[in-house]
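Chain residues, written in single-letter form:
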Amino acid sequence: MTTKGKRITKSVLYKRVHFSANVPGETLKSLVEEALKRHTTLGQRRMNISPDASTPIYHVISSPHCEPDGFVFGALMTYTPGTDPLYLVDDADAVEVLIEKLSIPHTEDGKRREVLESMMYFGIFGDHLVLMQSQALKAPQLEAYLRWLLHDSGTLAKNRAFQLIDTPSKAVREKMERGRGVKSITLNGEVVRPSGRSGEQASLDFNDAESAHDTASVSVASFTAAEGNRWLEFMKSLIGPSRSSKIDFGKLDSANIEMCVVLKYKRSTTEEGQELMDSLGSVFRHTDDVDAKLMLKDGSIIRGAQLKLNGTVGVTAYDGQLSAQEVYEEIRGWLLGKITSDEMEVS
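Residues numbered from 1 in each chain as written. Predicted model: local features only at pLDDT ≥ 70, side-chain atom pairs only at ≥ 80, totals over all residues. Heavy atoms only, no water.

**Q** Would you mind going over helix α3 (residues 139–152) with me for this structure?
**A** Think of an α-helix as turning once every 3.6 residues; residues three or four places apart then point the same way. The end-to-end C-alpha distance of α3 is 20 Å, a good match for the 20 Å that 14 residues give at a rise of 1.5 Å each. Residues Ala-139, Pro-140, Gln-141, Leu-142, Glu-143, Ala-144, Tyr-145, Leu-146, Arg-147, Leu-149, Leu-150 and His-151 constitute the buried set of α3. Positioned one or two residues after α3, Gly-154 has a phi angle of 80 degrees, which is positive. (Helix = DSSP H or I, 4+ residues; strand = E, 2+ residues; numbered from the N terminus. Expected span 1.5 Å × (residues − 1). Buried < 20%, exposed > 50% of the residue type's maximum accessible area, 1.4 Å probe, protein only.)

Right under this line is the structure:
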């Protein structure tokens, strides 16, 4: 029986790549393409994000598609070996809900079938990247994986790193120019305990690069990295080690507690101070675990979502599953459309 497709709308997000040290003619696309040539198998391409090697949790790119003069497309996936799925018996008359755990049959040659926990599609063109995030896999996970892939394959030197940074739309950039500078920056972020997953060091590795491009950018990236939770560490530093040691921060689990930080000047500031506020406003738009709100000198406000270039594409789902080829073509069309319409900064 032929499965009937259903048209759905999916969100896409744009990221621009910034290297700690540029090499002429080298782009993220060319580096990833070379890394995939060196790491051709599943075993070579999977990264363990678990702190315990005996109980791995893998991130891996499956079946990437590389175009010589175009894009590199792929899907970042996550799975935990040895996990059997739980099923709920859908019996409307049942008094007690029956939950069953079923093992998936092995392949004919004895290979175990693993449960695919999440998948995120992406496309890379030069130093431009578009991703279709899932609930579990987002930009920081892709950035950490690509950094690991390039380093592990020897494609990128260990002392070099990169960041995926946000670019606001043309309309927002013009609004910021009319606003005559940033007057205040409000940051909100959830305070949670560190998860301890070794593979998700989103921005910390950028600190280790030999030539960081911007001192403020590096400091902010280190402060706001989701892994290790800099919000909690910042709060502990304000309290002091002796008093913070007496507080049970384990109560943060599922507590939904947020921290708010406001950077501002009162009536006026120096020219250098204004340049610093504008630089900080630009830097904070590149963080994924912080909700930023900028107030400009003319009183207008730009919120976090406006500081990112995103959009939607239409794709067909077959029993909830997307066609990778269709997703890739939609990503291609969306990105090239933004470039030709002067919506994004190409340089």
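Following the structure, the description resumes.
**Q** Please explain a nonpolar patch on the surface as it appears in this structure.
**A** Among the surface-exposed residues, Leu-86, Leu-88, Val-97 and Ile-99 lie close enough to one another that they form a single nonpolar patch of about 440 Å² accessible area. Here Leu-86 is to be found in strand β5 (residues 86–88). (Patch = residues over 30% accessible without salt bridge, like charges linked within 9 Å, V, L, I, M, F, W, Y side chains within 5 Å. Areas by Shrake-Rupley, 256 points an atom, 1.4 Å probe, with all protein chains shown as cover. Salt bridge = Lys/Arg side-chain N within 4 Å of Asp/Glu carboxyl O.)

**Q** Any chance you could explain the environment of Met-119 here in plain terms?
**A** Within the element layout of this structure, Met-119 appears in strand β7 (residues 118–125). The sequence separation of Met-119 and Met-77 amounts to 42 residues, and the corresponding C-alpha distance is 4.5 Å. Leave out the neighbours within four places in its chain, and Met-119 touches Ala-75, Leu-76, Met-77, Ser-134 and Leu-137. (Contact = heavy atoms within 4.5 Å.)

**Q** Teacher, can you tell me more about unusual backbone geometry here?
**A** Among all residues except glycine, the phi angle is most often negative; among peptide bonds, the trans geometry is most common. The phi dihedral of Ser-63 falls on the positive side, at around 45 degrees, and the residue is not glycine. On the secondary structure map, Ser-63 appears in strand β3 (residues 58–66). On the basis of relative accessible area, Ser-63 is assigned to the exposed category, the value being 63%.

**Q** Which parts of the structure should I look at to understand the confidence of the model for the chain?
**A** Reading predicted coordinates in detail is not appropriate for stretches of low pLDDT. Mean pLDDT over the chain: 82, with 83% of residues reaching 70 or higher. Taken together, the stretch residues 196–228 has pLDDT below 50 and engages in 76 contacts with residues farther than four places along the chain or on a different chain. (pLDDT = per-residue confidence, 0-100.)

**Q** Could you clarify how one ought to interpret the layout of surface pockets in this entry?
**A** Computed from the structure, the second largest pocket encloses a volume of approximately 310 Å³. In this structure, the second largest pocket is lined by 13 residues; those nearest its centre are Leu-42, Val-60, Met-77, Tyr-79 and Glu-114. Put simply, the parts of the chain that give the lining of the second largest pocket at least two residues each are α2 (42–45), β3 and β4 (72–79). Counting residues per element, the lining of the second largest pocket draws most heavily on β3, which supplies four residues. Within the lining of the second largest pocket, the residues separate by chemical class into six nonpolar, two polar and five charged. (1 Å grid on protein atoms, 1.4 Å probe; cavity = no way out; pocket = protein on both sides within 12 Å on 5 of 7 lines; lining within 4 Å. Points joined across faces, edges and corners; volume = space filled by probe spheres on them. Nonpolar A, V, L, I, M, F, W, Y, C, P; charged D, E, K, R; others polar.)

**Q** Quick question: what am I supposed to make of the pattern of salt bridges here?
**A** According to the stated counting rule, one finds eleven salt bridges in the structure shown. Glu-326 serves as the salt-bridge partner of Arg-7, at 2.6 Å between the closest nitrogen and oxygen. Pair noted here: Arg-7 is in strand β1 (residues 6–19) and Glu-326 is in helix α9 (residues 324–340), with a separation of 319 residues, a long-range link. The shortest N-O distance in the salt bridge between Glu-143 and Arg-147 comes to 2.8 Å. Of this pair, Glu-143 and Arg-147 both sit in helix α3, separated by four residues, roughly a single helical turn. A relative accessible area of 4% places Glu-143 in the buried class. Because the salt bridges share partners, they merge into one network encompassing Glu-67, Glu-329 and Arg-332.

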